[in-house]
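Single-letter residue listing:
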Amino acid sequence: MAELTVSVVSADHEVWSGKAKQIIARTTEGEIGILPGHEPILAILGTGDVRVTTVDGQVVTASADDGFLSVEHDTVTVVARNAELAAQG
């Protein structure tokens, strides 16, 4: 099964990284969903959550704003000026 390599980074530290089967993020154009095999893209982040579904089905949520998301060869990089993991309920 194909998977994504995901890295969510803030200006001064890595917030989360790992393998995932899906990522959903808010961009200035609206929400975007990324699955393995997605075409290369560079998008400007809007203020909102980045939701990563890990390969074992857990959902990791990070709030992020003022940055970008890039996808190339099943590698997703989210770079934000401000990013932090959301409290897990």
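Note that the coordinates shown come from a computational prediction; the quantities given were computed from them, not determined experimentally.

A few words now on the environment of L69. Here L69 lies in strand β5 (residues 59-72). Along the chain, L69 and L35 lie 34 residues apart, while their C-alpha atoms are 14 Å from each other. Not counting residues within four places of it along the chain, the set of residues in contact with L69 comprises A25, I41, L42, A43, L45, V76, T77 and V78.

Another aspect to go through is unusual backbone geometry. The phi dihedral of H73 is positive, around 50°, even though this residue is not glycine. In this fold, H73 is placed in the loop between β5 and β6 (75-85). On the basis of relative accessibility, which here comes to 70%, the residue H73 falls in the exposed class. Positive phi outside glycine occurs at D74, with the angle close to 60°. Relative to the helices and strands, D74 is located in the loop between β5 and β6.

Let us now look at the side chain of S10. Locating S10 in the fold gives a position in the loop between β1 (4-9) and β2 (14-27). S10 gets classed as buried once you look at its relative accessible area, which sits at 11%. In terms of polar contacts, S10 uses its side chain to reach the backbone carbonyl oxygen of R81, at 3.3 Å. Apart from residues lying up to four places away in sequence, S10 is in contact with V15, A80, R81, N82 and A83.

So, on to the nonpolar core. V6, I23, V52, V76 and V78 are the most contacted members of the largest nonpolar core, which totals 22 residues. If you list the elements that add at least two residues to this core, you get β1, β2, β3 (30-34), β4 (41-54), β5 and β6.

Pairing analysis gives ten bridges linking β4 to β5, with the strands arranged antiparallel. Note that in β5 the partner of R51 across the bridge is T61. Between β4 and β5, which follow one another and run antiparallel, lie four residues, and G57 among them has a positive phi close to 90°. Where β5 lies against β6, ten bridges are found, and the strand directions are antiparallel. Pairing of S63 across the sheet is with E84, part of β6. Remark: two residues form the turn of the hairpin made by β5 and β6, two consecutive strands paired antiparallel; H73 in that turn has positive phi of roughly 50°.

The rules we used
- Residues numbered from 1 in each chain as written.
- Predicted model: local features only at pLDDT ≥ 70, side-chain atom pairs only at ≥ 80, totals over all residues.
- Heavy atoms only, no water.
- Helix = DSSP H or I, 4+ residues; strand = E, 2+ residues; numbered from the N terminus.
- Contact = heavy atoms within 4.5 Å.
- Buried < 20%, exposed > 50% of the residue type's maximum accessible area, 1.4 Å probe, protein only.
- Polar contact = N/O pair within 3.5 Å; in protein donor to acceptor, adjacent residues only side chain to side chain.
- Core = buried A, V, L, I, M, F, W, Y, C linked by side-chain atoms within 4.5 Å.
- Pairing = 2+ DSSP bridges.

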